[in-house]
2 protein chains.
Amino acid sequence: MKRYTWSEANTDERQRILARPDQRASPEVVAFVRQLFAEVADEGEAALRRWSKKLDDYEPATLELSPTVLDSARASLASEDIEAIDFAIDQVRFYHEATKPKPQAIEPLPGVRVRQVWRPIATCGLYVPAGTAPLVSTLIMLAEPARVAGVRDRVITTAPGEGGAPHPAMIVAAATCGLDRLWLIGGAQAIAALALGVWTPRAQKIFGPGNAYVAEAKRQAAALPNGPAIDLPAGPSELMVIADRGANAAMVASDLLSQAEHDADAQVMLVSASDELLAEVEVELQRQLTGLPRESIARRSIEQARAIRVRSLVEAVGVANDYAPEHLSLQVATPGDLVDSIENAGAVFIGAYTAESFSDYVVGPSHVLPTDAAAKSYGGVSVASFMKSFTQQEVSAAGAQRLAGAAARLARLEGLEAHARAADIRFAPARPAEEAVRRRCGEIKRTTKETKIVARVDLDSVVPVSISTGVGFFDHMLEQVAHHGGFSLTLSCAGDLHIDAHHSIEDCAIAFGQALKGALSDRRGIARFGFVLPMDEAEAKLSIDLGGRPYLVFDGAFAAPAIGAYPTEMTKHVFRSLAENLGATIHLSVTGENDHHKTEACFKALGRALRSAIRVESADLPSTKGVI
Amino acid sequence: MKRYTWSEANTDERQRILARPDQRASPEVVAFVRQLFAEVADEGEAALRRWSKKLDDYEPATLELSPTVLDSARASLASEDIEAIDFAIDQVRFYHEATKPKPQAIEPLPGVRVRQVWRPIATCGLYVPAGTAPLVSTLIMLAEPARVAGVRDRVITTAPGEGGAPHPAMIVAAATCGLDRLWLIGGAQAIAALALGVWTPRAQKIFGPGNAYVAEAKRQAAALPNGPAIDLPAGPSELMVIADRGANAAMVASDLLSQAEHDADAQVMLVSASDELLAEVEVELQRQLTGLPRESIARRSIEQARAIRVRSLVEAVGVANDYAPEHLSLQVATPGDLVDSIENAGAVFIGAYTAESFSDYVVGPSHVLPTDAAAKSYGGVSVASFMKSFTQQEVSAAGAQRLAGAAARLARLEGLEAHARAADIRFAPARPAEEAVRRRCGEIKRTTKETKIVARVDLDSVVPVSISTGVGFFDHMLEQVAHHGGFSLTLSCAGDLHIDAHHSIEDCAIAFGQALKGALSDRRGIARFGFVLPMDEAEAKLSIDLGGRPYLVFDGAFAAPAIGAYPTEMTKHVFRSLAENLGATIHLSVTGENDHHKTEACFKALGRALRSAIRVESADLPSTKGVI
């Protein structure tokens, strides 16, 4: 490896230390791809056949994955290989199903509904490069996210192996991913076939890594009129390892070599504040290199690899963020602090046991990741890469009253009179009485001789939650209500604590109740809800009816007079103030031994019951009716 | 408008009906942009000055939004305009905060943790085209999502208005969006400045619509080595309205005109199964056209507009999906069915009152949307457009044992020995005893003389839920448990229903309990939970302790002997079977009048209590401790 000391390098030198090979396509590559696209646009399949024959010495073909083909492929593989393929597919499927985008419903104002929905892209081309061996993992890492997204037509294309047939592992993996055929064509020709729709409708998006010809073909495809979208720019693979003195040099070296064996251009970087570790890894590299099947490739890559000596792990993170590696491995004793500072990476591997190899095959997330510093603006392939979102917007007559004035005003400011009139025509001056026109916020500013309080509730946001009543325990209780209730609550109180906590607690409860009442407004969609909540030996049962009638039934008693500065007798009082000012019927019973637990259980139960009662639930709510 | 009848057109004719103007940049545009980029790369600012002076007759400048500048801008605007700007920004902010991507934690296997995190892109260029008037709305629709994402450097660039200064509304909007300066430079020059980093570090992503020069400049910028990412391809604006006989022709016409006034190239389409409606809209168009300030532009666009007569609304949706309009308006009496069938659109507006104008200014989602059929593969600008995601993967020593074998196997299949060794080096044959290595699934296959049952529970997935016990009402009950519990349950039973439902119901409860017990395994992280749930007049209170000890306390009675084929006496029996086979203490009491409600409340309460009890909660859980 080449050795550098970061602190001794100036800006230009630092750029050179982190430089990658220039990924610009050569003029010959650009010209070839342009000619290929023109010929394929003109002659279709004939041009593809001619070029594949000439360049790669095979005829493009399609292989149907019939039961016979599949059985024969399975028979020629070891059962452990089939199990490994099944395991990898299961892991990849699990991760992607868990991270599939979900629809979301937002109601910014009464009568104004927005739903963000996701739909799969209909037709995708998935390019699996032909290595010296079958890249089964890349097939899985593309085909499974596409399957989870719901893509209708997944076309997998790859160059055939020796003898013009794909490796049996490719057949088994493709079939297990639910595909029923493989395209046997590689290189820029495959991309041209997908982009120009030679055998199937044009691909709407093309995925997968490849050599310089493939990368240039993807670029030119994207520039076609109505050309396909492209997953991400993909060049030679990259790994940066940040290691501390305690790192296992043999493990670090094994990761660097697993990167180096890809290709003489693979980018391998080691960053450490420890000279000893850097030296140990160098020794390990030489030891492990010898005898690798791809030793000569790995050796050339390691010669170009860079060992960067930094002064601290913080400096190392700075180097990583500048470089934005495809893969970043943190082999340090306490990775926690560093992880949160990582801004730019394709994927981050935390700790000694998280081999990059695991991620390449069996952890779950797709290994198709941005290289060449593209991680500064691109994420890796995910289910969302195979989908697109749009909004469904629905404005009622009442909603239109609220929007029309401002929309028309802005349209006229922009000189777009027809826009303004399209707003005006929806506007009727009389507001329908039945629908209140406001966001679900309530704010109360309440000042008496005893307390000065500002309370604000926003039922459509979970932040901020910021409570300052002057009574620590009561702050804690109101935080429970907001967090468990899932809404934003800010409340500050300056009260006469020099007397006692009574006025502050009572008045905060009043202000909170009033702010919540204001936020609930016409109480559309809200109902009766209850919650029973255990907390160690204590149990609180609370049911609430937000119908507007104030009533409290409280069943419970406390042994101690106070918890910190908070008198236990205030709990019943707080709930009564709340019931009265919010306009709610609350039945609360609490049993147990520990007053802290009992009190906290009461407030948590309130939060949980409110959470159900106040939500305008989104459509992915788990209810068999589709609605609460 | 030009009139077409869809059913009478053949495939080629249909393509022509939906054809858009060719968006390929002319050779002159391509050559100019290439020259501009080369000169700016060479000379920097001097080249930008020269071209801006020559093409647009102004000098590029930067305007600091100082208090003085801002005060003076505010003073020159009507207070209603300032309010409209504030309102629009508030709406846009609200929507984007609600849809900001959230991190997600997934644990595919014990000892294997993956966290998908999101980070803002650091530097973005936001291009606001200069119309004949200030495009305040486009500024807001780009700057606010970027702000919500957390982008550090948001550069807004726009051509100055008359006199070399921006319109006061642009100043006020920019300042309210939290910006402190405006770049006054337009056209391809602005894109070159952003992409090549003339005044600031290179933009990592460039956003915004523009003319053919701007679009070509964005394309060329993206093709630079380490070039910026690009938001989406943006060409002339598009609106398709699907209207039925009952649509308000004046409203439909007003929407079509608000599209048409943008530009003579704006794409305006009306699709209807009603000749009367098509005729009415044509009359309204002519009536509303007269006297529009941009009448001549709108008239040219409407002349090119297309009215497509379809046979049904289903056919209309097919036309919309083929065309993939930027804006799609559904002005029909029952839009519900259609909405779910829309696959390709930039945004969908539902119902007569949802003017496209509202969405352009004040609904909330960004109005920067894909045109030219790009909606088939791209979504519009969102907070996620200003962020990228990556995964943080962490494998423990025990996790490595589970992954290493399969990873090494696949690596060797791919001929990557160093990858295999990096996996092997993490592998130690002895499994640590303390960490069970399994996903939280349980599967039971149970066959007796009376029933044959397969039950499968996956606590880490919400799908599939598929129940077939042979007793309709009981299927419904178990679906409630799975949906409200938030887990996957598949259960099929072939039982002796010719005798009665007893054996099937009981044995399904046993199998479900056993499968759930298997899935819970070592019961890591689970506890005691309860739920009280009202359902009309009925209320069920259920508390559960998953500690392993089977016990049922049931308090309730039913009046009717059966609900459908389901005997009400089975409810107590089902819960006992569950308690015994799951290893749970369950206390259940139910009151009410209606047996259906009472029974359903029992099962829903079970689902809700299980939901809390089984979750491995993610980090965004609303708890003041940060953990349950």
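Conventions adopted
- Residues numbered from 1 in each chain as written.
- Chains lettered and ligands numbered in written order.
- Predicted model: local features only at pLDDT ≥ 70, side-chain atom pairs only at ≥ 80, totals over all residues.
- Helix = DSSP H or I, 4+ residues; strand = E, 2+ residues; numbered from the N terminus.
- Buried ≥ 20, exposed ≤ 12 C-beta atoms within 10 Å, placed from the backbone.
- Contact = placed C-beta atoms within 7 Å.
- Pairing = 2+ DSSP bridges.
- Right-handed = clockwise from strand over helix to strand, strands pointing away.
- Least-squares fit on C-alpha atoms with pLDDT ≥ 70 in both.
- Nonpolar A, V, L, I, M, F, W, Y, C, P; charged D, E, K, R; others polar.
- Axes fitted to C-alpha atoms, helices over the stretch in contact; angles between N-to-C directions.
- Parallel < 35°, antiparallel > 145°, perpendicular 65-115°, else oblique.
- Left-handed = near helix turned anticlockwise from the far one by under 90°.
- Domains from an automatic or database assignment.

This brings us to the overall build of chain A. Scanning chain A from terminus to terminus reveals 21 helices and 25 strands. Based on the C-alpha atoms only, the size of chain A along its principal axes is roughly 90 × 70 × 55 Å. Taken across its 628 residues, chain A has 57% of its residues classed as buried. Counting only contacts in chain A whose residues sit at least 6 apart along the sequence, the fraction spanning at least 24 positions is 75%.

Sheet faces and side chains relate simply in a regular strand, where the side chains alternate between the two faces. All names here are of chain B. Extensive coverage of strand S6 (residues 153-158) is indicated by the burial of five of its six residues. Sheet topology places strand S5 (residues 123-127) next to S6; five bridges connect them, and they run parallel. Bridging across to S6, Tyr127 finds its partner in Thr157. Where S6 lies against strand S7 (residues 181-184), two bridges are found, and the strand directions are parallel. The residue of S7 that forms the bridge with Thr158 is Leu184. A crossover links S6 with its parallel partner S7, the connecting element being helix H7 (residues 168-176), and its sense is right-handed.

Our next topic: the relation of the copies chain B and chain A. The transformation that overlays chain B on chain A combines an axial shift of 0.2 Å with a rotation of 180°, and the residual RMSD is 1.3 Å. In symmetry terms, the pair is related by a two-fold rotation axis. For chain B, the minimum C-alpha distance to the rotation axis belongs to Phe531 of chain B and amounts to 2.6 Å. Of all interface residues in chain B, 99% are interface residues in chain A too; the two copies therefore contact each other through one and the same surface.

Opposite the 128 residues of chain B that make contact, chain A presents 128 residues. For the side of chain B that touches chain A, the leading source of residues is helix H16 (residues 397-413) of chain B, giving ten residues. Tallied by class, the residues present in the side of chain B that touches chain A amount to 64 nonpolar, 39 polar and 25 charged. Across four bridges, the pairing between strand S14 (residues 347-350) of chain A and strand S15 (residues 387-395) of chain B is parallel. The residue of S15 of chain B that forms the bridge with Ala347 of chain A is Thr391 of chain B.

This part covers unusual backbone geometry. All names here are of chain A. At Asp57, a position not held by glycine, the phi torsion is positive, near 60°. Relative to the elements of secondary structure, Asp57 occurs in the loop between helix H3 (45-56) and strand S2 (61-64). On the neighbour-count criterion, Asp57 (8 C-beta atoms within 10 Å) is exposed. Positive phi outside glycine occurs at Asp536, with the angle close to 50°. Note that Asp536 resides in the loop between strand S20 (528-535) and strand S21 (538-545).

Residues and elements named next belong to chain B. Looking at chain direction, strand S17 (residues 451-458) and strand S19 (residues 488-495) are connected through eight bridges and run antiparallel. Residue Val454 lies in a different strand from S19, and its bridge partner there is Ser492. Across four bridges, the pairing between strand S18 (residues 465-468) and S19 is parallel. From the neighbouring strand, Val465 faces S19, where its bridge partner is Leu489. On the question of chirality, the crossover connecting S18 to the parallel S19 by way of helix H18 (residues 472-485) is left-handed.

Turning to the packing of helix H10 (residues 249-260) of chain A against helix H11 (residues 275-289) of chain A, a few remarks are in order. When two helices pack together, their arrangement is captured by the angle between the axes and the distance separating the axes. Residues and elements named next belong to chain A. Axis separation between H10 and H11 bottoms out at 8 Å; the angle between their running directions is 60°. When the interaxial angle is binned, H10 and H11 end up oblique. For H10 against H11, the interelement crossing comes out right-handed. The residues of H11 that touch H10, namely those facing Ala249, Ala250, Val252, Ala253, Ser254, Leu256 and Leu257, are Leu277, Glu280, Val281, Glu284, Leu285, Gln288 and Leu289. Its residues assigned to classes, the contact of H10 with H11 shows ten nonpolar, two polar and two charged.

Direction vectors running N to C along H10 of chain A and helix H17 (residues 417-424) of chain B enclose 155°, while the axes themselves pass 7 Å from each other. Relative to H17 of chain B, H10 of chain A is oriented roughly antiparallel. Seen along the crossing, H10 of chain A lies across H17 of chain B with a hand that is left-handed. Residue-level contacts link Ser254, Asp255, Leu257 and Ser258 of chain A of H10 of chain A to Ala418, His419, Arg421 and Ala422 of chain B of H17 of chain B. Considered class by class, the residues forming the contact of H10 of chain A with H17 of chain B number three nonpolar, three polar and two charged.

On to helix H9 (residues 212-222) of chain B. Among the residues making up H9 of chain B, those that are buried are Val214, Ala215, Glu216, Ala217, Lys218, Gln220 and Ala221 of chain B. Packed against the buried residues of H9 of chain B are helix H2 (27-43), S5, helix H8 (187-196), strand S8 (205-207) and strand S9 (229-230) of chain B.

This part covers the domain arrangement of chain A. The figure often quoted for interface size is the accessible area lost as the parts come together. Residues and elements named next belong to chain A. Domain annotation of chain A identifies domain 1 (2-22 + 235-364), domain 2 (27-230) and domain 3 (441-614). Each of domain 1 and domain 2 was reduced to a C-alpha centroid, and the two centroids are 30 Å apart. Taken together, the six residues of domain 1 in the interface contact eight residues of domain 2. Within the side of domain 1 that touches domain 2, the residues separate by chemical class into three nonpolar, two polar and one charged.

Right, let's talk about the sheet that holds S8 of chain B for a bit. Residues and elements named next belong to chain B. Read across the open sheet, the six strands follow the order S2-S7-S6-S5-S8-S9; overall the sheet is mixed. The two strands at the open ends of the sheet, each matched to only one other strand, are strand S2 (61-64) and S9. Of the pairings in the sheet, the one linking S8 to S9 comprises two bridges and is parallel in character. Counterpart to Lys205 in the pairing with S9 is Ala229.

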